[in-house]
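# Tertiary structure, described
Chain by chain, the residues:
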Amino acid sequence: MRVIFLIIGWVLTIGALVNVAMAAAALYFIGAGGFSDWGMTVETMMREHTTFLAWTRDVADMILPANIVQFFFDSPALVLFPARAIIAGVLGSWALKAGRRRNSIIV
């Protein structure tokens, strides 16, 4: 269990950092546009600014229900990415602490 907690903790922590970077990028793109589009959606950001990440929509369409995909990609980038960063950071921290408390690798 210890290894599982540590792996989950590190994946979530790295994911939180990526989400912080995406939030900063969204703020940059909104600022570059004269702060006229505060409600820029994740879909718009992926389609117009970070085209190298456009494949994530296709993957999400394949593995998630359509209403969930629509919800996430229609959400404002400045709301979704910070929220995901906070949630992933808290869960990652919890998983890393749980992994450190365990003495055994198996149990």
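Here the structure is shown first, and the text comes after it.
These lines cover the structure that appears in this document, whether it is placed above or below. (Residues numbered from 1 in each chain as written. Predicted model: local features only at pLDDT ≥ 70, side-chain atom pairs only at ≥ 80, totals over all residues. Heavy atoms only, no water.)

### Looking at the overall build of the chain
When helices and strands are tallied, the chain shows 5 helices and 0 strands. Secondary structure elements of the chain, listed N to C terminal, follow the sequence α-α-α-α-α. Rg of the C-alpha trace for the chain: 17 Å, well past the compact-globule value of 13 Å for 107 residues, more than 25% over. The dimensions of the chain, computed from C-alpha atoms along their principal axes, are 55 × 30 × 20 Å. For the chain, the residues scored as buried account for 29% of the 107 residues in total. Put simply, 72% of the contacts in the chain that link residues at least 6 apart link residues at least 24 apart. With the model as given, the accessible surface of the chain reaches about 7000 Å², and the carbon-plus-sulfur share is 72%. Separation of charge centres in the chain, based on 8 positive and 6 negative side chains, amounts to 25 Å. (Helix = DSSP H or I, 4+ residues; strand = E, 2+ residues; numbered from the N terminus. Rg over C-alpha atoms; globule rule 2.2 N^0.38 Å. Buried < 20%, exposed > 50% of the residue type's maximum accessible area, 1.4 Å probe, protein only. Contact = heavy atoms within 4.5 Å. Areas by Shrake-Rupley, 256 points an atom, 1.4 Å probe, with all protein chains shown as cover. Lys, Arg positive; Asp, Glu negative; His and termini not counted. Charge placed at Lys NZ, Arg CZ, Asp CG, Glu CD.)

### Things to note about the layout of surface pockets
If you add up the space inside the largest pocket, you get close to 420 Å³. For the largest pocket, the lining is made up of 16 residues, of which Met46, Thr56, Phe73, Phe81 and Arg84 are closest to its centre. Here the lining of the largest pocket is built from residues that sort into 13 nonpolar, 2 polar and 1 charged. (1 Å grid on protein atoms, 1.4 Å probe; cavity = no way out; pocket = protein on both sides within 12 Å on 5 of 7 lines; lining within 4 Å. Points joined across faces, edges and corners; volume = space filled by probe spheres on them. Nonpolar A, V, L, I, M, F, W, Y, C, P; charged D, E, K, R; others polar.)

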